[in-house]
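# Structural features, examined
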Amino acid sequence: MLKQVIPMKEIERLGADAIRALFQDIPVVALNSLEIESRVQDKRVDLLASVEVAGKHHILVCETKQSGQPRFVRDAIYQLRDYLREFPNEATPVVIAPFLSPGSRKLCLENGVSFLDLEGNVRLAFGTVFIDRVRANKPSPELRELKSLFKPKSAQVLRVLFRDPKKSWKVVDLANAASVSLGHASNVRTALLNREWGALDAEGLHLRSPEELLDAWKSAYMPPVAERLPFYTTLHGSLLENRVKKFFNSSPKDFRVALASFSAAQWIAPYGRTSTLFLWSEKMAIEDIKEKLQLSSSLKGENVVVSIPQDNAVFFDAYAPEHDICCTSPLQTYLDLSKDGERGEEAAEHLRRMRLTWQT
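This structure is a prediction, so every number in the text was calculated from the model and none was measured.

## Thoughts on helix α13 (residues 341-355)
Helical geometry note: an α-helix holds 3.6 residues per turn, so side chains three or four residues apart project in the same direction. Compared with the 21 Å implied by 1.5 Å per residue over 15 residues, the 21 Å span of α13 between its first and last C-alpha is a close match. Considering only its buried residues, α13 is in contact with α8 (210-220), α10 (261-268) and α12 (330-338).

Printed below as a string of structure tokens:
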């Protein structure tokens, strides 16, 4: 999850250019001066702009940050409050960063601070001037960093944290529990803290905003790459259910197989029955599944779908609602259902209401 960081001096210069370009498009605003690293008493302000609107002068006090994640924006807001004490007349605080995430923009709004980023997102209010513009797309570096947080290895760290969002973890213990390297766990920790989805206490890292983190994961989630095998069985209803239980009871313990999607949801948070049985499975277990569930290959009319994932992360936090049943976890089931059409989305939100809510 490494990313290229724009040097601080360059951020200041680009921020100044963005302010000039913004006011060039607004004839009623005259930019009288714009100073980089301006001294105000004993403080150094990154950018100080003097503007005039209808004969009235206004000061914009700007703090620039190399990252626009909430953790750094909150720090910028604290710095701006300190700067404003040095101005006898009212001044407008502005946060400037390469890209301000929705959470960061919300944080600025909640604290009465204007913002501007280098991707064109801006909300600026002073005097009779009000500018509010949000670009629809996230920049590529932001998307790459966000997606990397939810890749299988990183996601194993998140799965551990989601088991009990209030539990605090030392990085070493978290890495061991997630079966990842210390460096990988540390990168996930940093990403969570920067976005304020995680927080630190004396015992270590815990989830601060599991609901927001899950929203982001759902948005970025891509179903695992898998080989899809369609089958047909004459078994149905209780007969099929009993055979599934028999399979889980009698199959070798080193086989990794789990009910998935709607079939897992039926055991975790029933919403609506489906006539198709869904399974995640390792390849070595396929013949055993075919034999015990009496499956025949089917090009159409399938009622059993077995998917063989390239990565076994879907089994990492497998869940046993009964001793003779194995399902993907509520978390994994929710993510899979959320990408399974309108009906799947409805089932996913039902499961979330029933099993994935937390008091933080």
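## Some remarks on the sheet that holds strand β13 (residues 296-297)
As summarised here, the arrangement of the five strands in space is β11-β12-β14-β10-β13, forming an open sheet in which the pairing is mixed. Each edge of the open sheet carries a strand with a single partner, namely β11 (257-259) and β13. Of the pairings in the sheet, the one linking strand β12 (residues 277-281) to strand β14 (residues 304-309) comprises four bridges and is parallel in character. Bridging across to β14, Phe278 finds its partner in Val305. Here helix α9 (residues 237-250) sits on the sheet in contact with β11 and β12, set at roughly 150 degrees to β11.

## Notes on the nonpolar core
Ranked by internal contacts, the top residues of the largest apolar core, which has 70 residues, are Phe150, Leu158, Phe162, Leu192, Trp217, Leu259 and Ile289. Top element by residues in this core is helix α5 (residues 152-163). It accounts for six residues. Residue contacts for Leu158: discarding those within four places in its chain leaves Leu149, Phe150, Val188, Leu192, Leu213 and Trp217. Counting residues in each nonpolar core, the second largest holds 22 residues, with Val29, Leu47, Val53 and Val129 among its members.

## Quick word on the packing of α10 against α12
Contact geometry of α10 with α12 gives a least axis separation of 9 Å together with a crossing angle of 135 degrees. The angle between the axes of α10 and α12 places the two elements in the oblique class. Between α10 and α12 the crossing geometry is left-handed. Taking contact as the criterion, the partners of Ser261, Phe262, Ala264, Ala265 and Ile268 in α10 are, on α12, Pro330, Thr333 and Leu337.

Definitions and limits used
- Counting of residues starts from 1 at the beginning of each chain's written sequence and follows it residue by residue.
- For this predicted model, a pLDDT threshold of at least 70 governs which residues receive local features, and a threshold of 80 or more governs which side-chain atom pairs are given and counted, while totals over whole chains, interfaces and linings are taken from all residues.
- Note: side-chain values were computed over all heavy atoms of the structure, leaving out hydrogens and water.
- Numbering goes from the N terminus for both helices and strands, where a helix is a DSSP run of H or I of at least four residues and a strand is a run of E of at least two.
- By definition here, a helix of n residues has an expected span of 1.5 Å times n minus one.
- The criterion used for residue contact is that any of the two residues' heavy atoms lie within 4.5 Å.
- A pair of strands is treated as paired once DSSP finds two or more bridges between them.
- All axes here are fitted lines through C-alpha atoms, helices being fitted over the stretch that makes contact, and every angle between N-to-C directions spans 0 to 180 degrees.
- To define a nonpolar core, start from buried Ala, Val, Leu, Ile, Met, Phe, Trp, Tyr and Cys residues and group those joined through side-chain atoms within 4.5 Å.
- Partly exposed describes any residue whose relative accessible area lies between the buried limit of under 20% and the exposed limit of over 50%, with all areas from a 1.4 Å probe on protein chains only and scaled to the type maximum.
- Throughout this description, any angle smaller than 35 degrees is read as roughly parallel, any larger than 145 degrees as roughly antiparallel, any in the 65 to 115 degree range as roughly perpendicular, and the remainder as oblique.
- A crossing counts as left-handed when the near helix is turned anticlockwise from the far one by less than a right angle, and as right-handed when that turn is clockwise.

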